[in-house]
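An overview of the molecular structure
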Amino acid sequence: MATAIRASAAVNATAVADQIRAAVFAGELVPNQRLVEADLAEMYGASRGHVRAALAELTVEGVVERIQNRGARVRSVPLAEALEIVEVRAALEALCAARAANRLTDEEALVLRRIGADMESAVEAGDQAAYAQGNTELHSTLIRLSGQQTAAATIDRLRAQAVRFQYRLFAKPGRSQQSLPEHLAIIEAVCAREPQAAARAMREHLMSVGQAIEESASSAV
């Protein structure tokens, strides 16, 4: 019992919020899924108080919503808001791509080119899961290389909110073939140390994402 208490005390509200946010982004917690405090406390080894505080933080971020007399659940973001999220991401990730181009080392350039090669191989093999993993790795790597911690935190929150649209997009036939050249253009601009070109390529890519989300939503009606 004492061990369990020490484990719970070590997992604070911020750590719980980070884990729930990551689970939403990974698709482990899906839109409209109920979030029961007791279950989450057991799952993450945290106290009910820390879970409650984490859910309050995520509610402010827009990842979670509270329904009167029904508790908390993962918020389902409407299409119009998802498109706004993509627009904000485009501005932030364009900044990150430009900063990454300015800061890039030769070793980091090799990492980006390896990611691009892996994404090309995934498209050739028709491996959607591998392509989706490469997509996530590329965006995350560019954000990390930018050194923009505030932008990184904001982008993580935005991506978690619109995650269901991302999964729908990954399943769209031909989407990986369409987006691969966009990703490769970003990599080339960053590796060429051309910040303006890198920012432009990232904006164009995410505007393409927004358009594809809108088309997918229309076809699903």
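Predicted model, so just to flag it, every value in this text is computed and none were measured.

1. Some remarks on the pairing of strand 3 (residues 71–74)
Where strand 1 (residues 34–35) and strand 3 come together, two bridges link them in antiparallel fashion. Across the sheet, residue Arg-34 finds its bridge partner in strand 3, namely Arg-73. For strand 2 (residues 64–67) and strand 3, the ladder comprises four bridges, and the chain directions are antiparallel. Of the residues in strand 3, the one forming a bridge with Ile-67 is Gly-71. Taking the residues that link successive antiparallel strands as the turn, the strand 2-strand 3 hairpin has three residues, and the phi of Asn-69 there is positive, at about 70 degrees.

2. Topic: the pattern of salt bridges
Enumeration over the complete set of coordinates arrives at 13 salt bridges. Residues Glu-65 and Arg-73 are paired through a salt bridge, measuring 2.7 Å at the closest nitrogen-oxygen approach. Classification of Arg-73 by relative accessible area gives partly exposed; the value is 24%. Here Arg-75 and Glu-81 are joined by a salt bridge, their closest N and O atoms 2.7 Å apart.

3. What about empty space enclosed by the protein?
Taken as a whole, this structure holds one cavity of 30 Å³ or more when the rule is applied. Roughly 270 Å³ of volume is contained in the largest cavity. Lining the largest cavity are 20 residues, with Arg-89, Asn-135, Gln-166, Leu-169 and Val-209 sitting closest to its centre. Those elements giving two or more residues to the lining of the largest cavity turn out to be helix 5 (79–103), helix 7 (128–146), helix 9 (163–170), helix 10 (175–191) and helix 11 (195–220). Of the residues assigned to the lining of the largest cavity, the class counts are 10 nonpolar, seven polar and three charged.

4. Brief notes about helix 8 (residues 149–161)
End to end, helix 8 covers 19 Å across 13 residues, agreeing with the expected 18 Å (1.5 Å per residue, within 8%). Inspection of helix 8 places Ala-151, Ile-155, Leu-158, Arg-159, Ala-160 and Gln-161 among the buried residues, and these make up the whole buried set.

5. Looking at the sheet that holds strand 2
Judged by pairing direction, the sheet is antiparallel, and its three strands sit side by side in the order 1-3-2 without closing on themselves. The open sheet has two edge strands with one neighbour each: strand 1 and strand 2.

6. Digging into the confidence of the model for the chain
Summary statistics for the chain give a mean pLDDT of 88 and a share of 91% for residues scoring 70 or more. Per-element confidence in the chain is highest for helix 6 (residues 106–125), whose mean pLDDT is 97, and lowest for helix 1 (residues 2–10), whose mean pLDDT is 41. Low pLDDT (under 50) marks residues 1–9, which in the prediction has six contacts with non-local residues, meaning those over four places away or in another chain.

7. With respect to the packing of helix 2 (residues 13–25) against helix 4 (residues 48–61)
Helix packing for two helices is described by the angle between their axes and how far apart those axes are. Two elements in contact, helix 2 and helix 4, have axes whose closest approach is 8 Å; the angle formed by their N-to-C orientations is 55 degrees. Looking at the two axes, helix 2 sits oblique to helix 4. Both helix 2 and helix 4 take part in a crossing whose hand is right-handed. Side by side, helix 2 and helix 4 meet where Ala-13, Thr-14, Val-16, Ala-17, Ile-20 and Arg-21 of the first sit next to His-50, Val-51, Ala-53, Ala-54, Leu-55, Glu-57, Leu-58 and Glu-61 of the second. Looking at the contact of helix 2 with helix 4 residue by residue, the class counts come to nine nonpolar, two polar and three charged.

8. Comments concerning the side chain of His-205
You can see His-205 is positioned in helix 11. Filtering out sequence-adjacent residues up to four positions away, His-205 remains in contact with Asn-135, His-139, Arg-175, Ser-179, Glu-182, His-183 and Ile-186.

9. Here we look at unusual backbone geometry
The backbone of Asn-32 shows a phi angle near 75 degrees, a positive value even though the residue is not glycine. Considering the arrangement of structural elements, one finds Asn-32 in the loop between helix 2 and strand 1. Accessibility expressed as a relative area gives 41% for Asn-32, which makes it partly exposed. For Asn-69, which is not glycine, the phi torsion reads 70 degrees and is therefore positive. Along the polypeptide, Asn-69 turns up in the loop between strand 2 and strand 3. The exposure class of Asn-69 is exposed, given its relative accessible area of 78%.

Criteria and thresholds
Numbering of residues starts from 1 in each chain and follows the order in which that chain's sequence is written. The predicted origin of the model limits local features to residues at a pLDDT of at least 70 and limits the giving and counting of side-chain atom pairs to 80 or more, whereas totals for whole chains, interfaces and linings rest on all residues. Side-chain metrics in this entry use all non-hydrogen atoms of the structure; hydrogen atoms and water are not considered. By this definition, two strands are paired if DSSP reports at least two bridges between them. Only runs of H or I of at least four residues qualify as helices and only runs of E of at least two qualify as strands under DSSP, and these elements are numbered from the N terminus. By salt bridge we mean one thing: a side-chain nitrogen of Lys or Arg within 4 Å of a carboxyl oxygen of Asp or Glu. Each residue is placed in one exposure class: buried if its accessible area under a 1.4 Å probe, protein chains only, is under 20% of its type's maximum, exposed if it is over 50%, and partly exposed if it falls in between. Put simply, the grid is 1 Å and covers the protein atoms alone, a cavity is a trapped set of points that fit a 1.4 Å probe, a pocket is an open set with protein on both sides within 12 Å along at least five of seven lines, and lining residues have an atom within 4 Å of a point. Grid points are joined across faces, edges and corners, and a volume is the space filled by probe spheres set on the points. In this classification, Asp, Glu, Lys and Arg are treated as charged, Ala, Val, Leu, Ile, Met, Phe, Trp, Tyr, Cys and Pro as nonpolar, and every other residue, Gly included, as polar. To estimate how far a helix should reach, multiply one less than its number of residues by 1.5 Å. pLDDT measures how confident the predictor is about each residue, on a scale from 0 to 100. Contact criterion: two residues are considered in contact whenever any of their non-hydrogen atoms come within 4.5 Å of each other. Angles run from 0 to 180 degrees between N-to-C directions of axes, and those axes are lines fitted to C-alpha atoms, restricted for helices to the stretch in contact. Comment on the angle field: the value is read as roughly parallel under 35 degrees, roughly antiparallel over 145, roughly perpendicular from 65 to 115, and oblique elsewhere. Here is the rule for handedness: rotate from the far helix to the near one, and if that takes an anticlockwise turn smaller than a right angle the crossing is left-handed, while a clockwise turn gives right-handed.

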